[in-house]
Structures are given as structure tokens and as C-alpha cells.
Amino acid sequence: MKPISRRALITSGLAAAGVAGLAAADRIGRRHGLIPPDCRGVYGPGETLTYAAHRLLTRDAMAREFPRSMISKTPFANEVAPPSAEFKKLQAAGFGDWRLTIDGMVAHPMTLSLADLRSMPTHSQITEVVCEEGWSYVAEWIGTPLSGVLREAGVLPQARYLKYFSIQPDWSDSIDIADAHHPQTFLTMGMNDGELPVGFGGPLRLRVPRQLGYKSVKYITRITAIDSLKYQGDYAWFAGI
Ligand SMILES: Nc1nc2c(c(=O)[nH]1)N[C@H]1C(S)=C(S)[C@@H](COP(=O)(O)O)O[C@H]1N2
Ligand SMILES: [Mo]
């Protein structure tokens, strides 16, 4: 069967099930990985429709990439909380002791230094950070695709999401496995030909250009693979653009 007819089948199945009853839609959606973690509550049906549509129609689509001439002259760094004492200590030592832990549902849990990450394949992308509050900027992001790191860690087949954590305790977020392996999802250490400045998330930021800015968490210290997710954020869990 061609993928498009499979999509048509699932979409019409979902629509029919929507008429017949939400329980059936839920069953079909779950089987095909179309139900987001924030499917319940007032906005649940809308979130589910958005996520299902993205996953059926644009799963492998690329975020727009820009020519070098469109890099913003004055990129806007969102206000960040003053760095903690722990962060300042790491910064004073040139981030030599910064570590990224990959754990959870992986065959080989690992702890990587920035040097380890720099020894992995380096790629760059010129993409836009879009804040839900209405501003955006274009920058070049330099780093290593997360997919390569995940391959080394051996993400287990039952893992469905990655949760990632910042050194800022209030900042963590999560993406599904499709976005985790998306070629533009980067562990970023460089920006516009230089090191990634602290204001923009240096020394290590997860760039998820297929989604709104809040998914691109700064100061990443841990990524954990999980098979289910309870989401309690203020914003929509899936923020596809
Ligand atoms: N650790 C951390 N990551 C974060 C934030 C933050 O305050 N702390 N703000 C988020 C939000 S809401 C947006 S829109 C972008 C802003 O990115 P910028 O500072 O590069 O403009 O970072 C996201 N990542
Ligand atoms: Mo934002």
C-alpha cells in the first residue's frame, strides 16, 4: 500500500471514529502514535488533532533553512534567570566539567563531555527561533545531530519520548522519538561561527527547529528515554511550526 493511501485510511478512520465515538478514535490514534501526552483536558481534542495531522502529513518535513544573508544582526536572547553558583563554577573552569548524561531506556547509558560531543560529526543549520510570545530571529546553529548520539546510546525500541533537562531546575521538556531522530534536531555548541554564548544557552542547547522556541532548552545536562509521559507544562506539548 502506498503511504498516502495508508494516511488517507487512518485519517478517514479517525474522522469516522470521531463520529462513532471517541473511544474508537483513541484506539486508532494510539495504535498509530497519534495521541500526544496532553490529549486530556479542555484543549485535549485540539492538541490531538494538531499532533495527529503533523505526524501523518509532515513527520519528515524540514524546518525552513535560510541563506547566510538572513542571519539576524541582533538576535534576541530571551531573559534567563541569573546563572546559579553551580553554573558559574562550571563556567569559570571553561565548561571542561560540563557533562551530558544519556540514560533511561537505552542499551548503553553514557555521560559525555563537550569534548566528546565535539569529536562527533559537526553540522550546521541556519534556522529560526520562534517564541510563542511573537518574536523570532534567524541564526546559524552548529552542533551534532542528536540522532547520532542516540544511535551510540542504543535507544530501545519501546522508548517513545525523550525528556531533557537543563541545569536550570525549572526547565525541562520532551519530544517524541520522531523529533528526536529528526535530522535538524541538534545538540548545539556553536552559533554564528563562534561558541554558543551563555545568553543563547551555551555551552549546550538542544535545538528543535521543527517546534516553537520553548522546546529548544538551554544548558542541557541530561536526556532520558522513556515510554510514557505525563505532561504538565503551561504550553502545548507539541509546538510544531
Ligand atoms: N533553560 C532555558 N531554556 C529556554 C528558556 C529558558 O528560559 N531557560 N526559554 C525558552 C523560550 S520560551 C524560548 S522562546 C527560547 C528563546 O531562545 P533565545 O533566548 O535564544 O531567544 O528559549 C527557550 N529555552
Ligand atoms: Mo518563548
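The structure presented is a predicted model; accordingly, all values stated were derived computationally and were not measured.

Some details on the site of ligand 1
Right, so step 1: Inspection of the region around ligand 1 gives 19 residues, with Phe76, Asn78, Tyr137, Gln168 and Lys218 positioned closest.
Right, so step 2: Within the backbone of Phe76, one N or O atom sits 2.6 Å away from an oxygen atom of ligand 1.
Right, so step 3: Contacts to ligand 1 include Ser166, whose side-chain N or O atom sits 3.4 Å from a nitrogen atom.
Right, so step 4: With the chains in place, 97% of the 530 Å² that ligand 1 exposes on its own is no longer accessible.
Right, so step 5: Class assignment for the residues of the shell around ligand 1 results in 11 nonpolar, five polar and three charged.

A few points about the domain arrangement of the protein
Right, so step 1: The domain boundaries assigned to the protein delineate domain 1 (6–58) and domain 2 (68–226).
Right, so step 2: Put simply, the middle of domain 1 and the middle of domain 2, counted by C-alpha atoms, are 30 Å apart.
Right, so step 3: Counting the surface lost from both domain 1 and domain 2, the interface buries some 430 Å², and carbon and sulfur atoms represent 26% of this.
Right, so step 4: Applying the counting criterion to the domain 1 and domain 2 interface returns two salt bridges.
Right, so step 5: The residue Arg55 makes a salt bridge to Asp176 at a minimum N-O spacing of 2.7 Å.
Right, so step 6: Our count for the contact surface shared by domain 1 and domain 2 stands at four residue pairs in polar contact (both at pLDDT 80 or more).

Some words on the packing of aromatic side chains
Right, so step 1: With the rule as written, the count across this model stands at 12 aromatic pairs.
Right, so step 2: A ring pair is formed by Phe87 and Tyr219, whose centres lie 5.2 Å apart and whose planes are at 75 degrees; its orientation type is edge-to-face. Separated by 132 residues along the polypeptide, Phe87 in helix H4 (residues 85–92) and Tyr219 in the loop between strand E9 (205–207) and strand E10 (220–226) bring together distant segments of the chain. Of the two residues examined, Phe87 and Tyr219, each falls in the buried class.

Remarks on the sheet that holds strand E1 (residues 99–104)
Right, so step 1: Strand order across the open sheet formed by five strands is E2-E1-E10-E5-E6, with mixed pairing between neighbours. A strand with exactly one partner marks an edge of an open sheet, and here the two such strands are strand E2 (110–113) and strand E6 (172–176). If you compare each strand with its neighbour and ignore which way they point, the axes differ by 20 degrees on average.
Right, so step 2: Relative to E10, E1 runs parallel, the two sharing four bridges. Each bridged residue has a counterpart across the sheet, and for Asp103 the counterpart in E10 is Thr224.
Right, so step 3: Contacts from helix H6 (residues 146–153) reach E1, E2, strand E5 (161–166) and E10 within the one sheet, and its direction differs from that of E2 by about 140 degrees.

What counts and how
Residues numbered from 1 in each chain as written. Chains lettered and ligands numbered in written order. Predicted model: local features only at pLDDT ≥ 70, side-chain atom pairs only at ≥ 80, totals over all residues. Heavy atoms only, no water. Near = heavy atom within 4 Å. Polar contact = N/O pair within 3.5 Å; in protein donor to acceptor, adjacent residues only side chain to side chain. Areas by Shrake-Rupley, 256 points an atom, 1.4 Å probe, with all protein chains shown as cover. Nonpolar A, V, L, I, M, F, W, Y, C, P; charged D, E, K, R; others polar. Domains from an automatic or database assignment. Buried area = accessible area lost by both parts, 1.4 Å probe. Salt bridge = Lys/Arg side-chain N within 4 Å of Asp/Glu carboxyl O. Phe/Tyr/Trp six-rings, centres within 6.5 Å; stacked < 30°, edge-to-face > 60°. Helix = DSSP H or I, 4+ residues; strand = E, 2+ residues; numbered from the N terminus. Buried < 20%, exposed > 50% of the residue type's maximum accessible area, 1.4 Å probe, protein only. Pairing = 2+ DSSP bridges. Axes fitted to C-alpha atoms, helices over the stretch in contact; angles between N-to-C directions. Contact = heavy atoms within 4.5 Å.

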